[in-house]
Amino acid sequence: MSDTHLPKRAKRLPEPLLDEIPRADVVLHAGDWVDIDTLDLLEGRSRRLIAVHGNNDGPELRARLPETAYAELDGLRFAVIHETGPAQGREARCAARFPGIDVLVFGHSHIPWDTTAPTGLRLLNPGSPTDRRRQPHCTYMTAVVAGGRLTEADLHRLPPR
């Protein structure tokens, strides 16, 4: 997930997303939490949390979260970052910035994104579960990693609040 912006864009995370958290082996958050309570909530409910701060996150969140996070999950190398710059040229720019990474999870735009760079880097943006901006739905993603491969990456639409 990314761009939760609590409590400004919503009072809490949507129930369908909250229900998924304890079932996940790993939860990734690509920044713009805005409040520390959401970080505390996810740390308490997640088996493992991999997270970064975003441009709207203040000093308290920045003190607890890196700008970029790296993890290897079942042989697949992940990076998580908030901003990747403009959509045009994103794949080439990110492939150059993250050599050796298999999957880059990012946020910032609130626009779901799933592409693969010519180098094989998979770029995923889950959108936002609380602030759809110009999108038709609030969203989040789930993914399955097996045998060193990303075998599924599913975008989930949340019901209107």
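Per-chain numbering applies: the sequence of each chain, read as written, is numbered from 1 onward. Where local features are concerned, this predicted model is filtered to residues with pLDDT of at least 70; where side-chain atom pairs are given and counted, the filter is 80 or more; whole-chain, interface and lining totals use all residues. No hydrogens and no water enter the side-chain calculation; it runs on all heavy atoms of the structure.

The way it works is that DSSP assigns letters per residue, a run of H or I at least four long becomes a helix, a run of E at least two long becomes a strand, and they are numbered from the N terminus. Each helix and strand counted, the protein chain has 4 helices and 9 strands in total. Helices and strands in the protein chain line up, N terminus first, as α-β-α-β-α-β-β-α-β-β-β-β-β. Taken over C-alpha atoms, the radius of gyration is set against a globule rule of 2.2 Å times the number of residues to the power 0.38. A compact globule built from 161 residues should have a C-alpha radius of gyration of about 15 Å, and the protein chain, at 15 Å, falls within 12% of that. With the C-alpha coordinates aligned to their principal axes, the bounding extent of the protein chain is approximately 40 × 35 × 30 Å. Looking at the protein chain as shown, the accessible area adds up to about 8,100 Å², and 49% of this sits on carbon and sulfur atoms. In this tally Asp and Glu are treated as negative and Lys and Arg as positive; neither His nor the chain ends contributes. Taken as the charge location is NZ of Lys, CZ of Arg, CG of Asp or CD of Glu. Across the protein chain, 21 positive and 22 negative side-chain charges occur, with their mean positions spaced 5 Å apart. Areas reported as accessible are Shrake-Rupley estimates using a 1.4 Å probe. Residue values count occlusion only from the protein chains shown.

Time to look at the pattern of salt bridges. Salt bridge, as used here, is a side-chain nitrogen of Lys or Arg placed within 4 Å of a carboxyl oxygen of Asp or Glu. Here the structure, examined in full by the defined rule, presents 9 salt bridges. Residues Arg12 and Glu15 are paired through a salt bridge, measuring 2.5 Å at the closest nitrogen-oxygen approach. We call a residue buried when its accessible area falls under 20% of the maximum for its residue type, exposed when it is over 50%, and partly exposed in between, using a 1.4 Å probe and counting protein chains only. Judged by its relative accessible area of 41%, Glu15 falls in the partly exposed class. One salt bridge in this structure joins Arg47 and Asp25, with 2.7 Å as the shortest N-O distance. Remark: Asp25 occurs in the loop between helix H1 (15-20) and strand S1 (27-29) and Arg47 occurs in the loop between helix H2 (36-45) and strand S2 (49-51); sequence separation between them is 22 residues. Each member of the pair, Arg47 as well as Asp25, carries the same accessibility label: exposed. When salt bridges with common partners are traced through the structure, they connect Arg9, Asp131 and Arg133 into a single cluster.

Let's shift gears to the side chain of His5. Its location among the elements puts His5 in the segment before H1. A polar side-chain atom of His5 sits 3.3 Å from a polar atom in the side chain of His110. We call two N or O atoms a polar contact when they sit within 3.5 Å, provided that within protein one can donate a hydrogen and the other can accept it, with sequence-adjacent residues counted only if both atoms are side-chain atoms.

Take the pairing of strand S9 (residues 149-157) next. By this definition, two strands are paired if DSSP reports at least two bridges between them. Pairing geometry for strand S8 (residues 139-146) and S9, over 8 bridges, is antiparallel. If you follow Val144 over to S9, its bridge partner there is Glu152. The hairpin turn running from S8 into S9, its antiparallel successor, is 2 residues long, and Gly147 in that turn takes a positive phi close to 60°.

Stacked, tilted and edge-to-face are the three classes applied to pairs of Phe, Tyr and Trp rings, where Trp contributes its six-membered ring and a pair requires centres within 6.5 Å; stacked means planes under 30 degrees apart, edge-to-face means over 60, and tilted covers the rest. Counting across every chain of the model gives 1 aromatic pair. Judged by centre distance (6.5 Å) and plane angle (55°), the ring pair of Tyr70 and Phe98 falls under tilted. Taken together, the residues Tyr70 in strand S3 (residues 68-73) and Phe98 in the loop between helix H4 (90-97) and strand S5 (103-105) connect sequence positions 28 residues apart. Here Arg90 stacks its cationic end above the ring of Trp113, 4.4 Å away from the centre of that ring. Counting as a charge over the ring demands two things of the Lys NZ or Arg CZ atom: a distance within 6 Å of the ring centre and an angle within 35 degrees of the ring normal.

For the rest of this paragraph, the subject is the environment of Arg12. Looking at where Arg12 falls in the secondary structure, it is placed in the segment before H1. Taking relative accessible area as the criterion, Arg12 reaches 47% and is therefore assigned partly exposed. In this structure the C-alpha to C-alpha distance between Arg12 and Arg90, which are 78 residues apart in sequence, comes to 31 Å. Only heavy atoms enter the contact rule, under which two residues are in contact if any of them lie within 4.5 Å. Beyond its immediate chain neighbours, meaning those up to four positions away, Arg12 contacts Leu6, Leu18 and Thr130. Polar contacts involving the side chain of Arg12 include one to the side chain of Glu15, which spans 2.5 Å.

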